[in-house]
Amino acid sequence: MAPTLVVMAVMMATPVVMVFVYSVLSNVVMEANSEFVGPANFGTLIADPVFRKAIGNTLIFTTVSVTLHLLLGLGFAMMLNSGLVPRLATAVFRVIFILPWVFTASIVVIVWQLLLNPSGVVNYLLTTLNVVDQRVEWFSNPDLALLTVIFINVWAGYPFLMISLLAGLQGIPADLYEAAQVDGAGPWSRFFNVTLPQLKPIIVAMLMLDFIWNMQQFPIVWLATGGGPLNATETIATYTYKLAFSRHEFSMAAASGVILFIVSMAVALVYVRHQKARD
Amino acid sequence: MATMTPMAGRKRHTATRIWLWVGLTAGALFAGGPALWMLTSSFKPNTEIFAYPPTFIPETFTFAAYAEILTDPEKVRFFLNSYLVAGAVVLLTIVAGIMAGYALSRFDFPFKKSLNAVIISIQAVPPITLLIPYFGLVVWLKLYDSLWALVLTYVVATIPYAILMMTGYFNTIPKELDEAVKIDGGGTFRALWRVLVPIAKPGIVSVGAYTFMVAWNEYLFALTLTQSKSNRTVPVGIQLLMGEHSFQWSEMMAMSVLGCLPVLILFLFFQRQFVSGMTAGAVKA
């Protein structure tokens, strides 16, 4: 039993150590005798405008996705928790609302590619309702591509927050609401003075986890646009992937992966501290 | 609102209720609409996919796309591969989760208290960062382009979470139970498999269902660590279809329907366990 843990630790720790070592060598895997080059790979990365663009895109992608995940998740969870809709209906809506979360990324993307196709149903509805004059190229227009990818990512990811927040809402004692009502608090006041403060620890924890995962999101971006058009949707994950597996620059890819790793770990550390403070 | 008359209160309630139904219906359309469109499109002939105006219910209802997928050995192979990989990963994860979870719940270890922090940190490691050394390791182990490469790398992601879940479950089972088995002359293993495992069944089911979903849905490693068509899993296979015949939308939709069916069925049957698996470890692939 203890060996299982040791094997796990080795399986986990070895690659992390390896990737740090790769990042300070000249092109590993491809060169037989790679040399120590110090921080040179990091320097090259930061000098690359595409990498800087990828950092900016990743920040936009992550913050917008996480914010919308929270708003949608909270809105849906509160509707499910209202107690004003029959139980069976609530159960059915709950299943439907979780649905996007069980689809694998490649199915999510392919279905949205059909829906958002220039001759697809979304463009049909938008043109018929006169929202737009001509069919929108959601994926190939560089000004829209990032928004489109974020939208798909929001659709696929909000259920996770919804479920956690729903569990949180169900845990708020009813007498807190009753007391607020006796004090004459209206629905808004109850939301801001009871619901939000009670949910705050869960919200903070979920925001951090969601931030980490969205920052690393690969399949949705890769499958929807491959980082294009014109690097409009390039994120650190897609950029790293291309460095390693299209350009075979494994050391540069490792350096880029190390940067993503360090940022993720920093947020994870804050998360762990936050969880400990809760206990 | 304390001063409100009962009559006004009821009216207010009705208005809230109407808005709730509007909100819930809109939400259901947003969340379920795409899935429904996928399903109806899979029964349309290709010529009807982009019909103008779009047909919400197929005018010509056909199973042709499904027949095409299920009679093509190359495509059936994607499904077989996915079942093999997910099955092996679930099995290994459950066994390792039970053993390590039991050990952590019953015996003392150094660093036991920091286990949670370690497992959360593992979940936070970016898959793309791990992929680079894993690619090297898999090539070195001569496992590149094999399903084993996937099984091996997936369990590294799923086992820590299973350990966390199973430790939590075993902690809720009183130690006196295993003592009783030992007094009757049974060993530690007997106590574990005969007494604890049956009690911990709900936990095992939720670990299993969640692990299956993670393994079935994984894309990045499957894309990179396999190469030949005969070793591709469903998520990668669907995209291959997209690249080869980008106009065969009904086929792609049929394959998508078949591709999400196993996870969907698991989800509908084990909803509660799924949801607890989703929130307990706070993990996502």
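In this text the structure is predicted, and so the values were computed from the model without any measurement. (Residues numbered from 1 in each chain as written. Chains lettered and ligands numbered in written order. Predicted model: local features only at pLDDT ≥ 70, side-chain atom pairs only at ≥ 80, totals over all residues. Heavy atoms only, no water.)

So, on to the overall build of chain A. When helices and strands are counted, chain A shows 12 helices and zero strands. Expressed as lengths along the three principal axes of its C-alpha atoms, the size of chain A is roughly 75 × 60 × 35 Å. The buried share among the 279 residues of chain A stands at 54%. Of the contacts made within chain A by residues no fewer than 6 positions apart, 67% connect residues no fewer than 24 positions apart. About 12,100 Å² of surface is accessible on chain A, with carbon and sulfur atoms providing 66% of the total. Distance between charge centres in chain A, computed from 12 positive and 13 negative side chains, equals 6 Å. (Helix = DSSP H or I, 4+ residues; strand = E, 2+ residues; numbered from the N terminus. Buried < 20%, exposed > 50% of the residue type's maximum accessible area, 1.4 Å probe, protein only. Contact = heavy atoms within 4.5 Å. Areas by Shrake-Rupley, 256 points an atom, 1.4 Å probe, with all protein chains shown as cover. Lys, Arg positive; Asp, Glu negative; His and termini not counted. Charge placed at Lys NZ, Arg CZ, Asp CG, Glu CD.)

This part takes up the domain arrangement of chain B. Residue and element names in this part refer to chain B. Looking at the assigned domains, one finds that chain B contains domain 1 (6-64) and domain 2 (68-280). A straight line from the C-alpha centre of domain 1 to that of domain 2 covers 33 Å. At the junction of the two partners, domain 1 supplies 10 residues and domain 2 supplies 10 residues. Together, the buried faces of domain 1 and domain 2 total about 750 Å²; carbon and sulfur atoms form 65% of this surface. Broken down residue by residue, the surface that domain 1 buries against domain 2 is led by Met38, Ser42 and Asn46, which jointly contribute 60%. Our count for the domain 1 to domain 2 interface comes out at zero salt bridges. Here the side of domain 1 that touches domain 2 gets four residues from one element, more than from any other, and that element is helix H1 (residues 6-42). When grouped by side-chain class, the residues that make up the side of domain 1 that touches domain 2 number six nonpolar, three polar and one charged. (Domains from an automatic or database assignment. Buried area = accessible area lost by both parts, 1.4 Å probe. Salt bridge = Lys/Arg side-chain N within 4 Å of Asp/Glu carboxyl O. Nonpolar A, V, L, I, M, F, W, Y, C, P; charged D, E, K, R; others polar.)

The subject of this paragraph is the nonpolar core. Phe97(A), Phe103(A), Met162(A), Tyr241(A) and Phe170(B) are the most contacted members of the largest nonpolar core, which has 189 residues in total. Residues lining this core come from more than one domain, with at least three contributed by each of domain 1 (6-64) and domain 2 (68-280) of chain B. (Core = buried A, V, L, I, M, F, W, Y, C linked by side-chain atoms within 4.5 Å.)

As a further point, take the environment of Val155(B). Residue and element names in this part refer to chain B. As for its placement among the helices and strands, Val155 is situated in helix H6 (residues 147-171). Judged by its relative accessible area of 11%, Val155 is buried. Val155 sits 49 residues away from Ile204 along the chain, and the two C-alpha atoms are 16 Å apart.

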